[in-house]
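Inside the fold
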Amino acid sequence: MSEFTYAEVGATRHEPLPPGYRHLHYRTELDRDDFTAAADAILTFRMHRATGARIRATADRAAPGVGVTVGLGPLVVPCQVVWAADDGDRAGFGYGTRPGHQARGEESFTVERDADGRVWFAVTAFSVPARLPMRLGGPVAVLAQHGYARLCGRALRRLCARSRTVGS
C-alpha cells in the first residue's frame, strides 16, 4: 500500500472515529428499492463522477489498494482505498489521504439497509488540514466538505432514480 498521511487507517469502517480530528457524519434516506443500484454507483465511482468530480482510479471498482485521484475545481487530491464492503446489507468503501492531499484523514461512502428495510446513504469522515490553503480556509473548508457529502447524496439519488426508470 501507498504511504498514508495519518495513522488511523481504516477507522471509518466502525465507530467511534479517532479523537483529534474534525468529524463528519452525513446520512440521508434513499428509496427502499435503491440498495443494489446505490451500491454499484458507489463502488464503481459513478456517484463521485455524477457530482462533477474528476475521478481517476487504478481499477474500475473500489477495493483495498486502489489508488484514486479526485479532481474538484482546481484541486487534485490523491487518495487510496483502505477498505471496501459489498455484502447483503452494506456496501461502500473508505479512502485515505496520501501525500499531496489538502487534508489528513479518511472518508467513507456507504449504503446500508437497516433492520426495517430502510436504505441509507452515509458519508463519514475524520480529517484535519494538512496544507496551508486548507488551514487558511478554516470554517469554509468544513462547509465545503459537508457540501460535498450532500452533493454525493443528491447525485446518488439521481443515479438510483435513473436506474429505477431504466429497470421498469
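The written sequence of each chain sets the order in which its residues are numbered from 1. This being a predicted model, a pLDDT of at least 70 is required before a residue's local features are given, and a value of 80 or more before pairs of side-chain atoms are given or counted; all residues contribute to the totals for chains, interfaces and linings. To obtain the side-chain values, all non-hydrogen atoms of the structure were used and water was disregarded.

**Section: the overall build of the protein**
- Labels follow the DSSP assignment, with helices taken as runs of H or I lasting at least four residues and strands as runs of E lasting at least two, numbered in each case from the N terminus. Counting secondary structure elements, the protein contains three helices and seven strands.
- Taken from the N to the C terminus, the helices and strands of the protein come in the order β-α-α-β-β-β-β-β-β-α.
- Residue exposure (1.4 Å probe, protein chains only): buried if accessible area is under 20% of the type maximum, exposed if over 50%, otherwise partly exposed. Looking at the 168 residues of the protein, the share that counts as buried comes to 48%.
- Considering only intrachain contacts with a sequence separation of at least 6, the fraction spanning at least 24 residues in the protein is 55%.
- Throughout, the Shrake-Rupley method with a 1.4 Å probe supplies accessible areas, and for residues the shown protein chains are the sole cover considered. A total accessible area of about 8300 Å² is found for the protein, and carbon and sulfur atoms account for 54% of it.
- The average position of the 22 basic charges and that of the 17 acidic charges among the side chains of the protein differ by 9 Å. For this analysis, residues touch if any pair of their heavy atoms sits within 4.5 Å. In this count, Lys and Arg are taken as positive residues and Asp and Glu as negative ones, while His and the chain termini are left out. Here the site of a charge means atom NZ of a Lys, CZ of an Arg, CG of an Asp or CD of a Glu.

**A look at unusual backbone geometry**
- For the bond from Glu 15 to Pro 16, the omega torsion is -5 degrees, close enough to zero to count as cis.
- In this structure, Phe 45 is a non-glycine residue whose phi angle is positive, near 70 degrees.
- Following the sequence through the fold, Phe 45 ends up in the loop between helix H1 (35–43) and helix H2 (46–50).
- For Phe 45, a relative accessible area of 1% translates into the label buried.

**A word on the nonpolar core**
- We define the nonpolar core as a collection of buried residues of types Ala, Val, Leu, Ile, Met, Phe, Trp, Tyr and Cys that are connected through side-chain atoms lying within 4.5 Å of one another. Of all hydrophobic cores here, the largest spans 36 residues; its most connected members are Met 47, Phe 93, Phe 109, Val 111, Phe 121 and Leu 156.
- Those elements giving two or more residues to this core turn out to be strand S1 (22–30), H1, strand S3 (67–72), strand S4 (75–86), strand S5 (90–97), strand S6 (103–113), strand S7 (119–129) and helix H3 (132–167).
- Looking at this core, the element that brings in the most residues is H1, giving seven residues.
- With near-sequence residues (within four places) excluded, Phe 93 lies in contact with Ile 42, Leu 43, Phe 45, His 48, Ala 62, Val 81, Trp 83, Ala 84, Glu 107, Ser 108 and Phe 109.
- Core analysis: the next-biggest nonpolar cluster, separate from the first, contains 10 residues, Ala 11, Tyr 21, Trp 83 and Ala 85 among them.

**Topic: the sheet that holds strand S2 (residues 54–57)**
- Strands sit in the order S1-S7-S6-S5-S4-S3-S2 across an open sheet of seven strands; the sheet is antiparallel. Both edges of this open sheet fall to S1 and S2, since each of them pairs with a single strand only. Direction aside, the axes of adjacent strands within the sheet are offset by 20 degrees on average.
- Where S3 and S4 come together, six bridges link them in antiparallel fashion. Looking at S4, one finds that Val 70 is bridged to Val 77. Paired strands are those between which DSSP finds at least two bridges. Angles run from 0 to 180 degrees between N-to-C directions of axes, and those axes are lines fitted to C-alpha atoms, restricted for helices to the stretch in contact.

**Overview of the pattern of salt bridges**
- We define a salt bridge as a side-chain nitrogen of Lys or Arg found within 4 Å of a carboxyl oxygen belonging to Asp or Glu. The full count for this structure, using the stated rule, is seven salt bridges.
- Of the charged contacts in the structure, one is a salt bridge between Arg 113 and Asp 89, with a shortest N-O distance of 3.2 Å. Here Arg 113 is found in strand S6, whereas its partner Asp 89 is found in the loop between S4 and S5, with 24 residues between them in sequence.
- Overall, Asp 89 belongs to the partly exposed group, its relative accessible area being 43%.
- Here Arg 90 ties to Glu 112 by a salt bridge, and the two come within 3.3 Å at their closest N and O atoms. Here Arg 90, found in strand S5, pairs with Glu 112, found in strand S6; they are 22 residues apart in sequence, far enough to count as distant.

Take it as geometry only, folks, not as evidence of what the structure does.
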